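Structural features, examined
Single-letter residue listing:
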Protein chains: 2
Amino acid sequence: MIPELIVRLREIVGSEHTLLEDIDAYGHDETEDFWYPPEVVVRPRTAQEVACVLRLAADHRVPVTPQAGRTSLSGGALPVCGGIALSVERMNRILEIDGRNLFCVTEPGVVTQVLQEEVEKRGLFYGPDPASRGSCMIGGNVAHNAGGPRALKYGVTKDWVYGLQVALPSGELIRTGGKLLKNVAGYNLTQLFVGSEGTLGVITEATLKLIPKPRFAKTLLAPFRDVIAAATAVTRIFEARIIPCACEYMERAAVEAAEQRNGQKFPVGHGAAATLLIEVDGNDEEACEKDLEKIAGICMEEGAPDVFLATDADKRAAVWALRRSIGEAVKSISAYREEDTVVPRARLPELVQTIREVAAKHGIAAISYGHIGDGNIHVNLLRMGLDDEEWKRRLEPAVQELFERTIALGGQITGEHGVGFVQRRYLPLAYPKHHIELMRGLKRVFDPQGILNPGKVLPDEEGVAIPERHRPRGTTTT
Amino acid sequence: MIPELIVRLREIVGSEHTLLEDIDAYGHDETEDFWYPPEVVVRPRTAQEVACVLRLAADHRVPVTPQAGRTSLSGGALPVCGGIALSVERMNRILEIDGRNLFCVTEPGVVTQVLQEEVEKRGLFYGPDPASRGSCMIGGNVAHNAGGPRALKYGVTKDWVYGLQVALPSGELIRTGGKLLKNVAGYNLTQLFVGSEGTLGVITEATLKLIPKPRFAKTLLAPFRDVIAAATAVTRIFEARIIPCACEYMERAAVEAAEQRNGQKFPVGHGAAATLLIEVDGNDEEACEKDLEKIAGICMEEGAPDVFLATDADKRAAVWALRRSIGEAVKSISAYREEDTVVPRARLPELVQTIREVAAKHGIAAISYGHIGDGNIHVNLLRMGLDDEEWKRRLEPAVQELFERTIALGGQITGEHGVGFVQRRYLPLAYPKHHIELMRGLKRVFDPQGILNPGKVLPDEEGVAIPERHRPRGTTTT
């Protein structure tokens, strides 16, 4: 990178926040062991600084990879083309919690759980609840339209974002939306930026909806003989006009991985093929309890031999801690590839069957769990004892077939993890060429020089390919 | 229009659906008395026909104005540049009501109330509830991101649209989204089309979320001494953790206009400066009644001398019929201009005060009512005895000032009616030039020839202006 550029970056964000050394950590997110250290890291403090960095990068056609909590599971935060890593970690202030209008305004570097806890102290509630909430940040949540278990009742991040400030490669800042529940003044740029994975602009501020915090939550755990029985129970819960705030599915191997890693057991369902974790919430405790009883009845009618009711806070926390640990537990078994399949809810048993068939056909171990109420299943394909070559040889056709069959079920290649770096080659399975060309057209409107998070979302143009780079074995970065 | 084009249109949609005569009705929507008859009306039956018409029009650079129920209040459905009016009225089938996945799939020409009633027969619920639901259509609702009173709890149309099929000027059809509660595969084109007012593509099919229909609804009417007391009550209702499904505000003149037109009186609040209509719903009747009692208590603490509880279906229907008639009642008083201001909820009393000040300053009568829970107030500026010249002279600076002051309150120029034809000249009050240029860039990606609903959303480019055309006095079209 040309020295003049470094000088200018130092002028914009300060020397102490223009890092050239000890920046290995900025080369990875939580996607397998991918590793692409940037040439320089900048840590701006203000929106104006972000805009100046983008303008400078655009003038010099240097890639910029926006980074927040670097918890992406699709390689969204990897600087795959080198250049500048732009970390929003210092833009970490909650600017306002407005209890009268029920909105908050926050910088992008605020950790999601910090925001949740701050608003909850005031009796308020922010719905999205990604599993990585302890380390992911609002800017990344918005850029990737993060989901989580509560999406079933409360929607995903896009449903809570009502306004943004965004820095563009032109060096301009724009504001979209506001503290407005209704707003149809022009095209909905807010929703276009949500989920655009840092390829259209860098989010420098977000206005997020809040609601009054539900007073009570009640949780239930139910084991089933198979996923079909579990899915039938879920359908019947909705038919009983109950909308749970979470409805999680864990197959046996996922349960066992979590139990082993934590040295703790789930209170019911040992050896069950499919366990459901269901939660209801609301402001009327009796109404919540009535709903929970109805759900328990439905589960037992569908063959659950027993159910566990976690009606107090400690029991709920213990069950959720185990559930939340599944991702890491499964990934600690072996090298892996995680996919994030999603189908219409009622087709979930077919998806689970598809996953098993594809894994068996290609000789790969697979463990599945996820959000059964949303039809969103995380599939971990495990390398286990396979050597490099064999793993690669089996993996690619398996993933391709899994996605083709998921799409044939009315599904998509990613429900909440994003396309990022690792799924973009499969985007042509999801959309025809002219559809992807429209997306390229949108990209050019916002980022004509193509500097913003290059190598993400859109598949490579012909003749261009970014080589895979992995962390050297035996090294760790934190 | 060249005869060859008419021949081709007849080949595409059939002679009996290519109309050249008796098409005055297609020249207006519900925006004042604006009147722009198209040169030809086509009424395609299929998405493929729509796509072929668009391709033909693009090749010949002939304007196409998509039309659904023609209930727009912003001139969105007016063929202001002549050319082809493309009515989706024959695409009026509900294709699927999927109770297991809780989605429905519908063509764009289905009347909103018809869809509501069909899903309700199956115990399901579609949230958006625009006042014109008896004649507006889903295609127009999606294109304009229609709102309505239930938005407070259930959101606006965008929150229910999960998938679209859209015809483009390239002659291609694209599908976005699907029956998927989570989906982050690529840019969110679904949400970009929602609210784009037919300027980016023509919606040929929509996949809409459903929920189980809430079993019970309870309604309350409360009169207040002023809008500040009414707004304080609304804030306190949310602080009590109650989210009503509607919270409507009517000022005295609006109440009186509705009462006079209907020959019926609201059961309480005669002479009150501000009346609130508040509704709660849910599946637990006791919980609903508890909430309603709490709301009644709050209203009386804020000075409501009495409240009326409409707890049975007949009383609720009567109250709502009066509320729904306000729009027409107010507009029947005089020629008018309707504006659709929106601010953060807690600033609503300031907005109401602003409306009064602006109207008084410019010597114009004004009547306000709307969705106080959303901060969305409809302002009818009434011509009354003013002559043409004086009305025009006073109106424009009044509207300009109203919008400037609304934006200064953190608000926007339209909450749910759209920018359309009549508000687009004010868009530069809402956004700086480079922001509007981004919107123009998006428009060019989808519609490079500029044939789709020209003269809408985006302000005129310099040197181009579309003259105002009004229906000749004494004529009516239906």
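This text follows the structure it describes.
To keep things clear, this report deals only with the structure shown in the data block.

Definitions and limits used
Residues numbered from 1 in each chain as written. Chains lettered and ligands numbered in written order. Predicted model: local features only at pLDDT ≥ 70, side-chain atom pairs only at ≥ 80, totals over all residues. Heavy atoms only, no water. Contact = heavy atoms within 4.5 Å. Buried area = accessible area lost by both parts, 1.4 Å probe. Salt bridge = Lys/Arg side-chain N within 4 Å of Asp/Glu carboxyl O. Helix = DSSP H or I, 4+ residues; strand = E, 2+ residues; numbered from the N terminus. Nonpolar A, V, L, I, M, F, W, Y, C, P; charged D, E, K, R; others polar. Least-squares fit on C-alpha atoms with pLDDT ≥ 70 in both. Pairing = 2+ DSSP bridges. Axes fitted to C-alpha atoms, helices over the stretch in contact; angles between N-to-C directions.

1. Points about the interface of chain A and chain B
On the chain B side, the residues contacting the 82 residues of chain A number 82 residues. Buried area between chain A and chain B, both sides added, is near 6800 Å², and the carbon and sulfur share of it is 61%. On the chain A side of the interface with chain B, the three residues burying the most area are A:Lys182, A:Tyr187 and A:Arg241, jointly 16% of the side's total. Counting every contact that joins chain A to chain B gives six salt bridges. Measuring nitrogen to oxygen at the nearest pair gives 2.9 Å for the salt bridge that ties A:Glu416 to B:Lys182. Here the side of chain A that touches chain B takes nine residues from helix 15 (residues 433-446) of chain A, the largest share from any one element. For the side of chain A that touches chain B, the class distribution of residues is 35 nonpolar, 29 polar and 18 charged.

2. What to know about the relation of the copies chain A and chain B
Mapping chain A onto chain B calls for a screw motion: a turn of 180° about the axis and a shift of 0.0 Å along it, with 0.0 Å RMSD after fitting. Both chain copies can therefore be described as sitting about a two-fold axis. Mapped onto chain B, 100% of the interface residues of chain A again fall at the interface, so both copies present the same surface.

3. Topic: the side chain of A:Thr341
Along the chain, A:Thr341 falls in strand 16 (residues 336-342). What A:Thr341 contacts, discounting residues up to four positions off in sequence, is A:Leu351, A:Ile355, A:Gly375, A:Asn376, A:Ile377, A:Val379, A:Leu402, A:Phe403, A:Thr406 and A:Gln412.

4. A closer look at the sheet that holds strand 17 (residues 365-371) of chain B
Residues and elements named next belong to chain B. What the seven strands build is an open sheet, ordered 15-12-14-13-17-18-16; its pairing is antiparallel. Where the open sheet ends on each side, the last strands, each with one partner, are strand 15 (308-310) and strand 16 (336-342). Direction aside, neighbouring strands of the sheet carry axes that sit 15° apart on average. Sheet topology places strand 13 (residues 246-251) next to strand 14 (residues 274-282); six bridges connect them, and they run antiparallel. Along strand 14, the bridge assignment pairs methionine 250 with threonine 275.

5. Digging into the sheet that holds strand 8 (residues 161-167) of chain A
Residues and elements named next belong to chain A. If you trace the five strands from one edge of the open sheet to the other, you get 5-6-10-8-9, paired in antiparallel fashion. Only two strands of the sheet have a single neighbouring strand rather than two, namely strand 5 (94-98) and strand 9 (173-177). The sheet shows a mean angle of 10° between the axes of neighbouring strands, direction not considered. In this structure, strand 8 lies alongside strand 9, joined through five bridges in antiparallel fashion. Considered in strand 9, the bridge of glycine 163 is made with glycine 177.

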